[in-house]
Amino acid sequence: MTGARGTLEIGSTLPTSTSDPARPILGDVPAAARFAEEAGLDSVWASDHLLATAPILDSTATLAAAAAVTERIGIGYAVLLPALRPVAWAAKQIATLQHLSGDRLRVGVGTGNPAHGDIAWRAAGFSFADRGRRTDEALEVLPDLIAGRTATLPDGTVAALAPSATVPPILIAGNGTRALRRAARYGDGWISLGNDDIALTTAIERLAELAAEYGRPAPGLTVLLPQEPAVGALAERLAALADRSAERVIVYPPDGNWRAAYEFIAAAKAAAGR
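Parameters at a glance
- In this convention, every chain numbers its residues from 1, walking through the sequence in written order.
- For a predicted model such as this one, the threshold for reporting local features is a pLDDT of at least 70, and the threshold for listing and counting side-chain atom pairs is 80 or more; totals across whole chains, interfaces and linings nevertheless cover every residue.
- In computing side-chain properties, one takes all heavy atoms of the structure into account and sets aside hydrogens as well as water.
- Helix numbering and strand numbering both begin at the N terminus, where a helix is a DSSP run of H or I of at least 4 residues and a strand a DSSP run of E of at least 2.
- For the exposure calls, accessible area comes from a 1.4 Å probe over protein chains only, and a residue counts as buried if that area is under 20% of its type's maximum, exposed if over 50%, partly exposed in between.
- Note on definitions: a residue-residue contact is assigned when non-hydrogen atoms from the two residues lie within 4.5 Å.
- Here, nonpolar core means buried Ala, Val, Leu, Ile, Met, Phe, Trp, Tyr and Cys residues that are tied together by side-chain atoms lying within 4.5 Å of each other.
- Axis lines are fitted through C-alpha atoms, for helices just across the contact stretch, and the angle between N-to-C directions can take any value from 0 to 180 degrees.
- Small angles under 35 degrees read as roughly parallel and large ones over 145 as roughly antiparallel, with 65 to 115 read as roughly perpendicular and the rest as oblique.
- The crossing is said to be left-handed when, going from far helix to near helix, the turn is anticlockwise and less than a right angle, and right-handed when the turn is clockwise.
- Asp, Glu, Lys and Arg are counted as charged, while Ala, Val, Leu, Ile, Met, Phe, Trp, Tyr, Cys and Pro are counted as nonpolar; the rest, among them Gly, fall into the polar class.
- In summary, the pairing rule links any two rings of Phe, Tyr or Trp, Trp by its six-membered ring, whose centres are within 6.5 Å, and it sorts them by plane angle into stacked for under 30 degrees, edge-to-face for over 60 and tilted for everything else.
- Here, a charge over a ring is recorded when the distance from Lys NZ or Arg CZ to the ring centre is within 6 Å and its angle to the ring normal is within 35 degrees.
- Salt bridge, as applied in this entry: a Lys or Arg side-chain nitrogen positioned within 4 Å of an Asp or Glu carboxyl oxygen.
- Predictor confidence is given residue by residue as pLDDT, running from a minimum of 0 to a maximum of 100.

(A) Representation of the environment of Ile 265 within the structure. By secondary structure assignment, the location of Ile 265 is in helix α9 (residues 258-271). Ile 265 sits in the buried class, given a relative accessible area of 0%. With 37 residues separating them along the chain, Ile 265 and Glu 228 place their C-alpha atoms 9.3 Å apart. Excluding residues within four positions of it along the chain, Ile 265 makes contact with Ile 10, Ser 12, Leu 41, Gln 227, Leu 234 and Val 251.

What follows is the structure, encoded as structure tokens:
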């Protein structure tokens, strides 16, 4: 999607996890992906973690399953934690998903929510405190690794992966100062996490300033937002974001009823004229 005025990609999350450990959401991913495509959504997204506060499916396997049963709909990480795995493996997974999906992948990137604690990082053999630095190091080489170009890994190893793949849009998530700078330096886009209109305007202006420092264009806007209580309210929000030249919106359902949620989001998409 181009992000031009009025053009907006609207998607939702797959039933792979929840932030509430008392209400784990582990649904039928292939059925959900098929239904989202049939309903007219533009993308489906999987969250990523090793050990979160509630059960969670592996993000790459989830997106591969979604790609296998669909033809048009985009698939995306919302968001991948590259610091939890060797960067070459992350690049291999991304390149493979591009091949399996026919270049339908979007890659959201984050450093991990501190609310989940540090156990996943210890289990993976990595430092929780170093996750920001490791994320930046990964972003330095991910595009080259995915594209099959020779890259120097953080430990000095020189490698080129094959087969190469189209580098998908890389979208950096987070509202903090470091996240905004990371988005300006490495991202094709920025994922806003729950900003109100004033905070969103301030962040967009700051992103443009930071991107100019790096001699890069300002990253496009993706917004992660909760499902509104009424179709009309969500349609108004979608239309307002389209007018702000947002590229993507990811609407997350209020519960595990993905079928009802996707129908609701599709109805709002239609009402917003998208």
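(B) Structural context of the nonpolar core. Membership of the largest hydrophobic core comes to 69 residues, with the highest contact counts inside it found for Leu 14 and Tyr 262. Among the elements that line this core, the one with the most residues is α9, at seven residues. Discounting chain neighbours no more than four positions away, the residues touching Tyr 262 are Ser 12, Thr 13, Leu 14, Pro 15, Ala 32, Phe 35, Ala 36, Ala 39 and Leu 41.

(C) A look at the packing of helix α1 (residues 29-39) against helix α2 (residues 59-68). Packing of α1 against α2 brings their axes to within 8 Å, and their N-to-C directions diverge by 50°. In terms of orientation, α1 lies oblique with respect to α2. By crossing handedness, the relation of α1 to α2 is classed as right-handed. Of the residues in α2, those touching α1 at Val 29, Pro 30 and Ala 33 are Thr 62, Ala 65 and Ala 66. The residue inventory of the contact of α1 with α2, partitioned by class, reads five nonpolar, one polar and no charged.

(D) Seen up close, the packing of aromatic side chains. In total, this model carries three aromatic pairs according to the counting rule given. Relative to Trp 258, the ring of Phe 35 lies with its centre 6.1 Å away and its plane at 65°, an arrangement referred to as edge-to-face. Taken as a pair, Phe 35 in helix α1 and Trp 258 in helix α9 lie far apart in primary sequence, 223 residues in all. Phe 35 sits in the buried class, given a relative accessible area of 13%. Arranged with centres 6.0 Å apart and planes meeting at 45°, the rings of Trp 258 and Tyr 262 form a pair that is tilted. Here Trp 258 pairs with Tyr 262, and both are found in helix α9, just four residues apart, close to one helical turn. Relative accessible area serves as the criterion here: at 13%, Trp 258 is assigned to the buried category. Looking at Arg 131, its charged tip hangs above the ring of Phe 128, at a distance of 3.9 Å from the centre. It is Arg 259 that lies over the ring of Phe 35; its NZ or CZ is 4.5 Å from the centre.

(E) Expanded view of the pattern of salt bridges. Scanning the entire structure with this criterion turns up 14 salt bridges. Note that Asp 118 is salt-bridged to Arg 122, the shortest N-O span being 3.3 Å. When its relative accessible area of 32% is taken as the criterion, Asp 118 is described as partly exposed. For the salt bridge of Asp 136 with Arg 182, the shortest nitrogen-to-oxygen distance reads 2.5 Å. Taken together, the residues Asp 136 in helix α5 (residues 131-146) and Arg 182 in helix α6 (residues 177-186) connect sequence positions 46 residues apart. Residues joined by salt bridges that share partners form a network here, namely Glu 9, Arg 106, Glu 247 and Arg 248.

(F) Structural detail: the confidence of the model for the protein chain. Overall, the prediction assigns the protein chain a mean pLDDT of 95, with 97% of residues at 70 or greater. Low confidence marks residues 1-6, where pLDDT is under 50. Its contacts with residues over four positions away, or in another chain, come to 13 contacts.

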